[in-house]
There are 6 protein chains.
Amino acid sequence: MALKSVRMAIGIITLDNPKKLNALSHALVSSLIHALNQFAERDVRVVILRAQPGVKVWSAGHDVGELPEGRRDPLGWDDPLRNLVRSIESHPTPVIAMIEGTVWGGAVELVLACDIIIAVPESTFAVTPARLGVPYNVSGMMTFMSAASLRIVKELAFTAAPVDAVRAERVGMINHVVAVDALEAFTLAMAATIADNAPLSIRVMKEQLRVLAGAKPVSPRGFEKVQGLRRVVYDSYDYAEGIRAFKEKRRPAFLGR
Amino acid sequence: MALKSVRMAIGIITLDNPKKLNALSHALVSSLIHALNQFAERDVRVVILRAQPGVKVWSAGHDVGELPEGRRDPLGWDDPLRNLVRSIESHPTPVIAMIEGTVWGGAVELVLACDIIIAVPESTFAVTPARLGVPYNVSGMMTFMSAASLRIVKELAFTAAPVDAVRAERVGMINHVVAVDALEAFTLAMAATIADNAPLSIRVMKEQLRVLAGAKPVSPRGFEKVQGLRRVVYDSYDYAEGIRAFKEKRRPAFLGR
Amino acid sequence: MALKSVRMAIGIITLDNPKKLNALSHALVSSLIHALNQFAERDVRVVILRAQPGVKVWSAGHDVGELPEGRRDPLGWDDPLRNLVRSIESHPTPVIAMIEGTVWGGAVELVLACDIIIAVPESTFAVTPARLGVPYNVSGMMTFMSAASLRIVKELAFTAAPVDAVRAERVGMINHVVAVDALEAFTLAMAATIADNAPLSIRVMKEQLRVLAGAKPVSPRGFEKVQGLRRVVYDSYDYAEGIRAFKEKRRPAFLGR
Amino acid sequence: MALKSVRMAIGIITLDNPKKLNALSHALVSSLIHALNQFAERDVRVVILRAQPGVKVWSAGHDVGELPEGRRDPLGWDDPLRNLVRSIESHPTPVIAMIEGTVWGGAVELVLACDIIIAVPESTFAVTPARLGVPYNVSGMMTFMSAASLRIVKELAFTAAPVDAVRAERVGMINHVVAVDALEAFTLAMAATIADNAPLSIRVMKEQLRVLAGAKPVSPRGFEKVQGLRRVVYDSYDYAEGIRAFKEKRRPAFLGR
Amino acid sequence: MALKSVRMAIGIITLDNPKKLNALSHALVSSLIHALNQFAERDVRVVILRAQPGVKVWSAGHDVGELPEGRRDPLGWDDPLRNLVRSIESHPTPVIAMIEGTVWGGAVELVLACDIIIAVPESTFAVTPARLGVPYNVSGMMTFMSAASLRIVKELAFTAAPVDAVRAERVGMINHVVAVDALEAFTLAMAATIADNAPLSIRVMKEQLRVLAGAKPVSPRGFEKVQGLRRVVYDSYDYAEGIRAFKEKRRPAFLGR
Amino acid sequence: MALKSVRMAIGIITLDNPKKLNALSHALVSSLIHALNQFAERDVRVVILRAQPGVKVWSAGHDVGELPEGRRDPLGWDDPLRNLVRSIESHPTPVIAMIEGTVWGGAVELVLACDIIIAVPESTFAVTPARLGVPYNVSGMMTFMSAASLRIVKELAFTAAPVDAVRAERVGMINHVVAVDALEAFTLAMAATIADNAPLSIRVMKEQLRVLAGAKPVSPRGFEKVQGLRRVVYDSYDYAEGIRAFKEKRRPAFLGR
Ligand code: NI
Ligand code: NI
Ligand code: NI
């Protein structure tokens, strides 16, 4: 479901499940993690994560069909996305996301978990849990907080409206906006620069930044309160309604309970 | 002192004490908190906080006449602004600040404590404790740190000079700059989008972001040292001079002691 | 090696070792710290840190000749740069960096440790440890994290490529870009504004922001793991190769071990 | 289910559901919290929590009949015991546990959440989640950690064997061991001493100790990993077996999965 | 007010103001800090802090005459006791408290801030803020938490009753109980053992333990709430009554407001 | 070097290198970690760590011959003892230390890292870094802090004098003191009790306690300062002298530099 190639110490992973809009199913995520693990064992010094050229949808996010229908935390420790985000964060080399097309829901977190992001002007990013009625988890929210200012995260999360790459770059969510016919060359050039530098020095800096960005300790009491609130959400009518409406391709009617 | 209305699950609070330049007196703040509490009990899904159309001053900030003249912490736990900031932060729905006119001192913190900010190009924001000689408090500084990069916060705080909405948007302090005749429609449209989404999902995300943004733990020793420094300030000649000069509408002459 | 003057409560420190490209040798750093300490004892209310007008290189960063050749932590607690960064952070008044020319390696951290940064459009900033093979330290990474978004820090650190002042301002790393013939007047005007404000109030706010920005607590286990990784780096072939190549003015060939 | 009386500023709550062995059912816990709230509104300066004189079982702990049979967190934010522990911790006056009889499971946490504990030599305390197969929660473990050294907590938790009051006093879990016929007089005398002291000063010290004892911040990643492990437990065969065996009054046979 | 001598790398400081019961006045504390500083500059490897042989009162604690009468924090950053506690904690060598006589109030914190404590069986320790109506401060509460289990600290603080050395040793507050005629020899022997060990290794371990024991980070919001509660106390009728009653040598009558 | 057996779900590891006094060499530690890993893969529900019956020395601690002679951190992330301590802490089942004979230096940390400790009255524990001049590391100090009160840790660390099992039990360092001929039966009985309980429930509680006990976050600045102090120690004359004296079996003469 994901293609893999290596050229000049640059590893490239290509999402390749266009029929399912590259939704982050258990199967696709396993194949991505597998590719990362293989790169980690070889002399790959930087990874590019991309979709096929010309796609309309870079990834549609969670595979909603795999979410529980209620009374169970849909985004626990073993959720595929959580495993993938942790794999990228602890990968020993930089991972560059190269974006063409639209990015939805959990796939936005996937992109933001990458170290560097380069996108075409037409690409968009939409943070959709509020449209689905899902209780996002705390480490997911941390990925968003590391990726943009609190104010922008709130706007994206509360409106669930797409933001385009140009605004995303302006608010610091992504590194560069590059025209579609220059995207690949630009990305490869940056990857080559990184591959020429000292890999061990880069690995330590990535790890230090990971540790420091994660240094947002929460009291057990605060955390358990949040878990309690999240349980209220996945036990709610609205959660079931959101999942149902998505599957029935209709607009949900939320009642706030 | 504050007007209140609800339309289509959107609650609107309007500062309405223009003679006092909407200064954050105990009375005005009580009326704002009261309005928020009432919205929380009804099916209001998003709140807009605004002033009357056409005002020159959105809010002048602290009511300096209510500050102690020295030897007492002027910004303790029960200061009206602190209560209001906590009310907004723990309000179960998003609060959108809609800004026309200038914003001064503590009112800047009030605006920045809102979740989303939309302002007209002519509006300005001035962080003025250094002009008054006041020792700002730690949770107030945290509101600023959550609102802009450290570097910009320092410039605003150390110069006390106004920044206009255009630069504020560029540095990530506010979400959107909108021409004055489009302001209301733009704000209502965003509010309507939010009101259509799942309220419980939004509430959890707001709470998670609040907890994470507050995850800046300080050692008791560090905190008590800061309190000791703050006491030096409110016991100082300069503090009394700043308050006096403000009341006498003259420029203060600070001696650094 | 550093010149020092005071005018109207504004202290000015000028890097003045152009032959060595203002490299941060023990000698230059001592003289900078000495100047700061003297300002702290007098009624100086704001400090400007600058180089001589017209320099090509504002500072070349660490004096590589002073780094150990391996098997020793090159960036421990007593490294000159660490002492200087701590001096600036705990200096009781704001420090403004006024930048003309290029800034390299550790000197970028020095600039970013200043409270406010004003630069000419032609100036550039390059974060170079990955080009030298050096394991940067944790508090150094914190200076970068306080200065720009995580995403930009990663791009700068992993590519080691220079970023110019215009982009630096856009991503929030610096406060203002000013044409070279207006630089000094602009900087002095901002300094004068600060000098007119209440010094004790400013000192408390600077200290509060320092404490809050440093509130990134790390578990001893996490920290010791990072130290272990850093030791792998300074024990590595690549570290010695990076230092050697720099001294021999050739491009290093890194092996990843 | 709980009796309540006040004498000379000393409030006394008596567990009074002997048929159910004072198990911490929703009903009993509600009545305890209700009593505490009423005391908080009056001039009660210290609370004594006790059972009826002569009971064999002070409290049997969780009402196992109220626990879910699997696939649901049995000890979430709204569990009766968690609500009661938080009520005691945030109660404005000291709460003294006066213990005669055996204490089991969650009731041990209840006792340890009290501020001061006085017990007769024959009383015992057994920490039983490992005998039932239940995944205890993090804030519950914190109550144990605040109550005894890590080493003793581990022995109690891993063996699930009762410890008697004499050893409990020796290891610092309880304050005093007093013969049964002196228990009430001893406890009332200590309560009277407390009631003579300054209530506001005591309230602040209790709150400070609560804040400091809770200052065990955990990273969201660490917490979510623990939640993941806990889910493995309540989804397990052993969890269901433990609950079943308890209800069938037989010894469970645990398989480790 | 304090005598000072050095013998064989052992520095001895003797409290010597028996008329004032060695109360911790500004004058006595200054002389203690001065003595510590002088020892730090010489080759003193361990310090003993003691009173004159045969005293009834080792120290009476705060000099109540120096406390403010209300509306001011009586225990701020610059309180003499706080300065002394920080001096002992950051002193580069171990400090042994050698106790004969009774210890009251703030003097208990002074003793507990020492590294090792040796006392005669007849000595007692009473934690008295609740008897005086004083709002103890957070770092003071931390000294108590580092010195005994939470449960014992609560009993001492809430009852304000003296605890004797034998129980203090049993609950881990002090290291050894030694008969009065063996006290000096026992203490000197332990000091000599320490003085023979490697001073730099000891200094690092003392500093590590200081850092770890202080690793109880508190959120600014939590801290400011505690400060708010403390202000309620020192603004109260009871605070003034407690100070007055102490000076008039009568029993205070607290009203709880 | 270590023997391994399993009986009734109880795994037993026996230190078996009496000629080297069971010193914690790389070889012995590897064999211990290997045994733990094998137990983790099988249905072993509790581990006992012991020496051969009748030994005079349970373990002599670090193999001093393996420590660097200076200018290198002797106790970094990859030190054998650190690896072993982490293995025990993250082992999925309880580990019981069964102690007969004397325990020295790093072996005391090894014992204290076990979950439960049972010892004969004649056994002793000596914390010896100050006698050797070694800078202990922060996570090592945390093991001690989790094992006894701060006051006792300081006495043991600063005097380096042995403490016997009876006092160790009284101060909460160990769980039980048992006569030598009852030691094995007592330990096996406790192990059997644990093995009958629910393994998953125990695993979660052990992990929760590990996370909470490790929740002593330190600021990067504080940590790097400690590392700087530690470097002063291992660069010192005294460090080299301590190692030399140990090898030459003579008493070291420390100079404090
Ligand atoms: Ni106010
Ligand atoms: Ni250097
Ligand atoms: Ni329950």
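Each chain has its residues counted from 1, following the order in which its sequence is written. Throughout, the order in which chains and ligands are written sets their labels, letters from A for the former and numbers from 1 for the latter. In keeping with the model being predicted, local features are shown solely for residues with a pLDDT of at least 70 and side-chain atom pairs are shown and tallied solely at 80 or more, while totals for entire chains, interfaces and linings include all residues. The basis for the side-chain values is all heavy atoms of the structure; hydrogens and waters are excluded.

The name given to chain A in an unreviewed UniProt entry is Methylmalonyl-CoA decarboxylase, with the source organism recorded as Denitromonas halophila.

Student: Looking at this structure, how should I read the interface of chain F and chain E?
Tutor: A common measure of how large an interface is: the accessible area buried when the components associate. Contacts are assigned to residue pairs that have any heavy atoms within 4.5 Å of one another. The partner chain E presents 38 residues to the 40 residues of chain F that form the contact. Salt bridge, as used here: a side-chain nitrogen of Lys or Arg that lies within 4 Å of a carboxyl oxygen of Asp or Glu. Taken together, chain F and chain E are joined by 3 salt bridges. Between Arg251 of chain F and Asp196 of chain E there is a salt bridge, and its shortest N-O distance comes to 2.6 Å. Labels follow the DSSP assignment, with helices taken as runs of H or I lasting at least four residues and strands as runs of E lasting at least two, numbered in each case from the N terminus. Every element with two or more residues in the side of chain F that touches chain E is listed here: helix H4 (129–132), helix H5 (138–145), helix H6 (150–159), helix H7 (165–170) and helix H10 (220–234) of chain F.

Student: Would you mind going over the nonpolar core with me for this structure?
Tutor: In a soluble, globular protein the nonpolar side chains are often hidden away together inside. Phe125 of chain B together with Phe125 of chain E are the most contacted members of the largest nonpolar core, which has 181 residues in total. With residues up to four places along the chain from it excluded, the contact list for Phe125 of chain E reads Ile99, Val103, Val108, Val111, Ala119, Ala161, Pro162, Val163, Ala165, Ala168 and Ile174 of chain E. Take the buried Ala, Val, Leu, Ile, Met, Phe, Trp, Tyr and Cys residues and link them wherever side-chain atoms come within 4.5 Å; each set so joined is a nonpolar core. Each residue's exposure class comes from its accessible area (1.4 Å probe, protein chains only) as a fraction of the maximum for that residue type: buried when under 20%, exposed when over 50%, partly exposed otherwise.

Student: Even after reading the chapter, I still don't get the coordination of the nickel ion (ligand 1), so can you show me in this structure?
Tutor: Reference values for coordination geometry: four tetrahedral donors around a metal ideally subtend 109.5 degrees, six octahedral donors ideally subtend 90 or 180 degrees. All names here are of chain B. Listed donor atoms are N, O and S within 2.8 Å of the metal (Na, K and Ca: 3.2 Å). As water is not included, a site may look incomplete. His62 (NE2) and Asp79 (OD) make up the full set of protein donors to the nickel ion (ligand 1), lying at 1.9 to 2.7 Å. One end of the pair, His62, is in the loop between strand S4 (57–59) and helix H2 (80–90); the other, Asp79, is in the loop between S4 and H2, with 17 residues separating them in the sequence. Of the two residues examined, His62 and Asp79, each falls in the buried class.

Student: Even after reading the chapter, I still don't get the relation of the copies chain F and chain E, so can you show me in this structure?
Tutor: Between the two copies of the chain lies a rotation about an axis combined with a shift along it. Copy-to-copy superposition: least squares on the C-alpha atoms, limited to residues that have pLDDT of at least 70 in both copies. Mapping chain F onto chain E calls for a rotation angle of 120 degrees and an axial translation of 0.0 Å; the resulting RMSD is 0.0 Å. Taken together, the rotation and translation relating the two chain copies correspond to the operation of a three-fold axis. Using C-alpha coordinates, one finds that chain F approaches the rotation axis most closely at Lys216 of chain F, a distance of 3.9 Å. A share of only 8% of the interface residues of chain F reappears at the interface of chain E, consistent with the copies meeting through non-equivalent patches.

Student: Got a minute to help me understand the packing of aromatic side chains in this structure?
Tutor: The geometry of an aromatic ring pair is captured by the separation of the ring centres together with the interplanar angle, meaning the angle of the planes. All names here are of chain F. Within 6.5 Å between ring centres, the rings of Phe, Tyr and Trp (the latter by its six-membered ring) count as paired, and their orientation is classed by plane angle as stacked under 30 degrees, edge-to-face over 60, tilted in between. Under the defined criterion, the tally for this structure stands at 9 aromatic pairs over all chains. As a reminder, the over-ring test applies to NZ of lysine and CZ of arginine, requiring each to be within 6 Å of the ring centre and within 35 degrees of the ring normal. It is Arg86 that lies over the ring of Trp77; its NZ or CZ is 3.5 Å from the centre. For the cation-ring pair, Arg257 lies above Tyr237, with the distance from its terminal atom to the ring centre recorded as 5.9 Å.

Student: Sorry, what's going on with the interface of chain C and chain A here?
Tutor: Of the residues lining the interface, 40 residues belong to chain C; the matching set on chain A comes to 38 residues. Buried area counts how much accessible surface, traced with a 1.4 Å probe, disappears from two parts once they are put together, with both parts' losses summed. Taking both partners together, chain C and chain A bury about 3400 Å²; carbon and sulfur atoms supply 64% of that area. At the surface where chain C touches chain A, the tally comes to 3 salt bridges. Whenever two N or O atoms come within 3.5 Å, that pair is a polar contact, provided that in protein one can donate a hydrogen and the other can accept it, and provided that, for residues adjacent in sequence, both atoms are side-chain atoms. Scanning the region where chain C abuts chain A turns up 19 residue pairs in polar contact (both at pLDDT 80 or more). Only helix H4 (129–132), helix H5 (138–145), helix H6 (150–159), helix H7 (165–170) and helix H10 (220–234) of chain C provide two or more residues apiece to the side of chain C that touches chain A.

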